[in-house]
Amino acid sequence: MTTRLLHALYGVLAALTGVAVAHLVAALTVPAASPVLAVGSTVIDLTPTPLKEWAIRTFGSADKAILIGSVMLGVLVLAGIAGVIAARWLLPGLLMIAALAVLAGVLALLRPAAGPLDLLPSLVAAAVGVVALAGLLRLERSGEESASSGPSRRGVLLAAGGLAVAAAAFGSAGRWVASYRLKGTDIDLPSVATKTTPLPVGLEQKIDGISPFRTPTADFYRVDTRLSLPIVDADSWTLTIDGDVDKEVTLTLADLYELEVIERDITLTCVSNDVGGPYVGAARWLGVRLSDVLALAGISRTGADQIISTDVDGMTISTPLSVATDGRDSMIVFGMNGEPLPRENGFPVRMVVPGLYGFVSACKWITKMTLTTYDQESSYWTDRDWATEAPIKISSRIDTPKPLSDNDPGRTFIGGVAWAQGVGIEGVEVRIDGGPWQPATLGADAGNDYWRQWYLEWDAEPGQHFVASRATNKDGDVQTAARMTPFPEGSSGIQEIAVNVG
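Quick caveat, the model's predicted, so the values are computed rather than measured. (Residues numbered from 1 in each chain as written. Predicted model: local features only at pLDDT ≥ 70, side-chain atom pairs only at ≥ 80, totals over all residues. Heavy atoms only, no water.)

Trainee: Help me out: how do you make sense of the layout of surface pockets in this one?
Mentor: The gaps left among the atoms become clear once a water-sized probe is rolled over them. Of the volumes computed, that of the largest pocket is approximately 1100 Å³. Secondary-structure elements contributing two or more residues to the lining of the largest pocket are helix 2 (35-46), helix 3 (49-59), helix 4 (63-88) and strand 3 (261-269). When the residues that make up the lining of the largest pocket are grouped by side-chain class, the tally is 28 nonpolar, ten polar and ten charged. (1 Å grid on protein atoms, 1.4 Å probe; cavity = no way out; pocket = protein on both sides within 12 Å on 5 of 7 lines; lining within 4 Å. Points joined across faces, edges and corners; volume = space filled by probe spheres on them. Helix = DSSP H or I, 4+ residues; strand = E, 2+ residues; numbered from the N terminus. Nonpolar A, V, L, I, M, F, W, Y, C, P; charged D, E, K, R; others polar.)

Structure below.
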């Protein structure tokens, strides 16, 4: 191994050890302040929207892991350079190692709702990285100055190995602590005022490959900007309603339980969902009406036209105030599919508004609602030029057969789901190889805010075939064929897939 490569390895080991210890400190205090996560979150905020949408389309749920890996790779490359510099000019190299960590600390402090404690993990990373790199270089130089250099070289190797083991141990401990703190979402859910009828049996009992009528909680999509889940204690959680209201109020979970508790079957859709994409799911939500919550603060004389919802870490979502008063089942929810909300989906409380994409309606980990106007205040996504009001578009998705799949000839099914939240699905049609649109058979109707399954029997002949679907809502509006990307107000177009038979 060349001398420069060895010194670069010293820098990498020092950085790995510092980051690992800092990750453990962050797991014990503020997980989002872990240096790599703080840098990654800033990268997300600064990434242009087209590039962000490309990453979601290309990498799906792996986009965050790829981002963290890329940030870590960049840190290690710079740390390796710092190791080479430190071997020749000790102070500049050590300052470079420290600067990498301090920069992460500054970025952590710039995050919304950050406090002084957010700086601690990065300061720890700087101290550990500097001491580790200086120690390795000191051991190396003492060996060079000693007549019996063999044992000293062995000392350097042992020290390097010890740092590698320590980095792995501290990193694993940090992951374990964070996972342990994320457990314990068990809370006693209140009884429902009027029990909702059980969902009808879905077509998944008949047609293999079609999306379940109710999305299992573990399979429900998750799209947000967070690289780590917030650790929120249900007993100390509060929801504040302020801004243009008669009186500011702060509610606990017990206060919400005192309101009329309702259950509603609602389909949610992410604005990042492309035509035929996976970011849509249907669940039974347990909570209280948004209008009932706002009424506690008094909004009858308000001049506001929007609700700015803030999560526990300062992320903001803008929602039209009208959705709380127009009769739809807008909710503040604490239960999902009969269980407390999972942390991934907003534990302990989130907002659910049928008919609007999540980026303007579905604030997770919510802790404040501020009534204001669009002229006075803007939110995270509107600052990035996304639409201020984004009703979900009529859409259908083909679940089976899968695109480019190989299928046996003969009788089979084409099936999927369709949604038109707020209006409901009246019909779905299927087109095969550019022929006429054929009416599909619809599954059960669980309400206008819920998706519907559909299927068409198909006598599949050998060869390659092109299959498309489109939906019609109960107002007679047909899913548009005009293609639009998710930015800025949601995708549109007809999904058409190629399948192989034979």
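Trainee: Mind showing me how you'd approach the pattern of salt bridges here?
Mentor: When charged atoms on two side chains of opposite charge get close, those side chains can pair. Across all of its chains, the model carries 18 salt bridges by this definition. Residue Glu 496 pairs with Arg 431 through a salt bridge whose shortest N-O separation is 3.8 Å. Residue Glu 496 is found in strand 19 (residues 495-501), and its partner Arg 431 is found in strand 14 (residues 425-432); the two are separated by 65 residues along the sequence. Accessibility expressed as a relative area gives 41% for Glu 496, which makes it partly exposed. (Salt bridge = Lys/Arg side-chain N within 4 Å of Asp/Glu carboxyl O. Buried < 20%, exposed > 50% of the residue type's maximum accessible area, 1.4 Å probe, protein only.)

Trainee: Looking at this structure, I do not really get the packing of aromatic side chains. What am I missing?
Mentor: One pair of aromatic rings is described through two measures. These are the centre distance and the angle between the planes. Counting across every chain of the model gives twelve aromatic pairs. Ring geometry for Phe 220 against Trp 285: centres 5.7 Å apart, planes inclined by 85°, an arrangement best described as edge-to-face. Here Phe 220, found in the loop between helix 7 (149-181) and strand 1 (238-243), pairs with Trp 285, found in strand 4 (residues 280-289); they are 65 residues apart in sequence, far enough to count as distant. Comparing Phe 220 with Trp 285, the two get one shared label, buried. Residues Phe 413 and Tyr 455 carry aromatic rings whose centres are separated by 5.6 Å and whose planes lie at 75° to one another, so their mutual orientation is edge-to-face. (Phe/Tyr/Trp six-rings, centres within 6.5 Å; stacked < 30°, edge-to-face > 60°.)

Trainee: Please explain a nonpolar patch on the surface as it appears in this structure.
Mentor: Residues Leu 51, Trp 54, Phe 59 and Ile 66 make up a contiguous nonpolar surface patch of about 360 Å² in total accessible area. Counting residues per element, the nonpolar patch draws most heavily on helix 3, which supplies three residues. (Patch = residues over 30% accessible without salt bridge, like charges linked within 9 Å, V, L, I, M, F, W, Y side chains within 5 Å. Areas by Shrake-Rupley, 256 points an atom, 1.4 Å probe, with all protein chains shown as cover.)

Trainee: I keep staring at the environment of Ile 317 and nothing clicks. Help me out?
Mentor: By the secondary structure assignment, Ile 317 is in strand 6 (residues 316-320). Apart from the residues within four sequence positions on either side, Ile 317 is in contact with Ile 307, Ile 308, Ser 309, Gly 358, Phe 359, Val 360, Ser 361, Cys 363, Ser 379 and Trp 381. (Contact = heavy atoms within 4.5 Å.)

Trainee: Can you help me understand the nonpolar core in this one?
Mentor: Where a protein is soluble and globular, its nonpolar side chains tend to be buried together. Core analysis: the largest hydrophobic core is formed by 98 residues, its most contacted members being Ile 241, Leu 256, Trp 285, Val 293, Leu 294 and Met 369. Sorting elements by how many residues they give to this core places helix 4 first, with seven residues. Ile 398, Ala 460, Val 499 and Val 501 belong to the second largest nonpolar core, which has 19 residues in total. (Core = buried A, V, L, I, M, F, W, Y, C linked by side-chain atoms within 4.5 Å.)

Trainee: Which parts of the structure should I look at to understand the sheet that holds strand 12 (residues 406-407)?
Mentor: Backbone hydrogen bonds hold the strands of a sheet together, and the pairing may be parallel or antiparallel. What the five strands build is an open sheet, ordered 12-19-18-14-15; its pairing is mixed. Two strands in the sheet have a free side with no partner beyond their single neighbour: strand 12 and strand 15 (438-439). Two elements, strand 18 (residues 463-473) and strand 19, share seven bridges in a ladder whose sense is antiparallel. If you follow His 465 over to strand 19, its bridge partner there is Val 499. (Pairing = 2+ DSSP bridges.)

Trainee: Where do I start with the pairing of strand 4 in this structure?
Mentor: Note on strand geometry: in a regular strand, side chains alternate between the two faces of the sheet. Of all ten residues that make up strand 4, nine are buried, and the element is covered over most of its length. One ladder, built from nine bridges, connects strand 3 with strand 4; its direction is antiparallel. In the sheet register, Asp 265 faces strand 4, and the bridge partner there is Arg 284.

None of the figures reported here should be taken as evidence of function without further support.
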